[in-house]
Amino acid sequence: MIEKKLSIGIDISKRTLDICVMDEGVLDHYSIKNNQKSIKSFIHNTKKKYGVKEVELCMENTGLYNWPLYSVCDELEIPIFVINPFHLKRSVGLVRGKNDKIDAERIASYIKRFYEDHKPYIIPTAIIHKLQVMLGLRKRIMKAKNMLRTPMIELKSVADKEIYSKALEVTNLVVKQLDAALLKVEKELHELIKEDETIHENYKYMTSVQGVGKVLAWNLLIKTNNFKTLNDPKKIACYVGVVPFEHQSGTSLKMQPRVSHMADKQVKKVLHMAALRVVRLDGDLKKYYTKKIDEGKNKMSAINAVRNKLIARICSVVNNKKIYVPNLLLS
């Protein structure tokens, strides 16, 4: 006899969880607080009410607001499925209107229909969570620095020297404080990485690849869940948007392959900067880039090829658990 399993869709917000329980075609809706105590109580009462031993939870990825659910599911060993909002949007076809209750219902229906196409989500460790928080803080500090510096460049050409000098003095004072804060955040990131042996090892493997710096390594550790969720170079390349896709239909539409706009823009930006840096350094990737240009490739196409090479090398050293050894004969 097959035990009944409930499909539960959850729409997550900062303070509340809107929940839809799908039981033999009947939909029941609930709303609870987004904290561990409320979530535990709901799961216990739901199992008792519907007479089941197992439930499967499905939700969209909403970043930090998912954490209370992650903690409870990890503690109670409940499988969860975290879906891309874009996948959900495409799966329901043309729709009009939305609210939290409807969203929860759509999520429950989605996992019921596409259960076999998804693997349970691997919940990030506490260290990955902390790294995510600190990297987000670093990003905001960098943004604040740019917001202060950019207007000063424009002000120099229009303001009189006296007021510009005073404004620059204040700006430099604030930027200096932001630089000090940035150093503290980066120190904390390094300390967090040292707390977990496997994370520390993967960090060392990644940064042994020429062109891969600390920022790219931090981003990939978080986005791949320390390479537990993603460890295939093709999938990572697709995730960050550096894989060219064909655009062809019949004989009337045939375009050059191009990368998709559906990507993690933050990681793509950091990867792009790494590629621009590595082609200026003496090494095999500089030779590879030059060869692509000599073959008639445009510069962006050649840079994209370098980005793919970097991803392939990162996955290679992490999966094989080896420090990267340069190959100067790269073709």
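Residues numbered from 1 in each chain as written. Predicted model: local features only at pLDDT ≥ 70, side-chain atom pairs only at ≥ 80, totals over all residues. Heavy atoms only, no water.

### Examining the side chain of D196
Piece 1. Here D196 shows up in the loop between α6 (161–195) and α7 (197–207).
Piece 2. With no salt bridge to any partner, buried D196 finds its closest opposite charge in K228, at an N-O distance of 6.3 Å.
Piece 3. Within the local environment of D196, its side chain forms a polar contact with the side chain of T198, the two groups lying 2.6 Å apart. (Helix = DSSP H or I, 4+ residues; strand = E, 2+ residues; numbered from the N terminus. Buried < 20%, exposed > 50% of the residue type's maximum accessible area, 1.4 Å probe, protein only. Lys, Arg positive; Asp, Glu negative; His and termini not counted. Salt bridge = Lys/Arg side-chain N within 4 Å of Asp/Glu carboxyl O. Polar contact = N/O pair within 3.5 Å; in protein donor to acceptor, adjacent residues only side chain to side chain.)

### Some remarks on α7
Piece 1. Of the positions making up α7, those classed as buried are I199, N202, Y203, Y205 and M206. Buried positions in α7, seen along its axis, are confined to an arc of 165° and lie on one side of it.
Piece 2. On its buried face, α7 sits against α5 (126–156), α6, α8 (214–223) and α12 (299–320). (Arc of directions from axis to C-beta. Contact = heavy atoms within 4.5 Å.)

### Details of the environment of W67
Piece 1. Locating W67 in the fold gives a position in helix α2 (residues 67–76).
Piece 2. Expressed as a C-alpha distance, the spacing of W67 and N35, which sit 32 residues apart in the sequence, is 9.0 Å.
Piece 3. Every residue in contact with W67, bar those within four places of it in the chain, is listed here: H129, Q132 and V133.

### Digging into the packing of aromatic side chains
Piece 1. Under the defined criterion, the tally for this structure stands at 2 aromatic pairs.
Piece 2. Look at Y30 and F42: their rings are 5.6 Å apart centre to centre, the planes differ by 65°, and that puts the pair in the edge-to-face class. Separated by 12 residues along the polypeptide, Y30 in strand β3 (residues 26–33) and F42 in helix α1 (residues 36–50) bring together distant segments of the chain.
Piece 3. For F42, a relative accessible area of 10% puts it in the buried group. (Phe/Tyr/Trp six-rings, centres within 6.5 Å; stacked < 30°, edge-to-face > 60°.)

### Re the environment of A263
Piece 1. Position of A263 relative to the elements: it lies in the loop between β7 (253–259) and α10 (265–278).
Piece 2. In contact with A263, not counting residues within four places along its chain, are Y239, V240 and G241.

### Some words on the sheet that holds β3
Piece 1. Strand order across the open sheet formed by 5 strands is β3-β2-β1-β4-β5, with mixed pairing between neighbours. Of all the strands in the sheet, just β3 and β5 (80–83) have a single pairing partner and so form its edges. For this sheet the average axis-to-axis angle between neighbouring strands, irrespective of direction, equals 25°.
Piece 2. As paired elements, strand β1 (residues 5–12) and strand β2 (residues 16–23) share 6 bridges and run antiparallel to each other. Each bridged residue has a counterpart across the sheet, and for I10 the counterpart in β2 is I19.
Piece 3. Sitting on the sheet, helix α4 (residues 100–113) touches β1, β2, β3, β4 (54–60) and β5, and the angle it makes with β1 is about 140°. (Pairing = 2+ DSSP bridges. Axes fitted to C-alpha atoms, helices over the stretch in contact; angles between N-to-C directions.)

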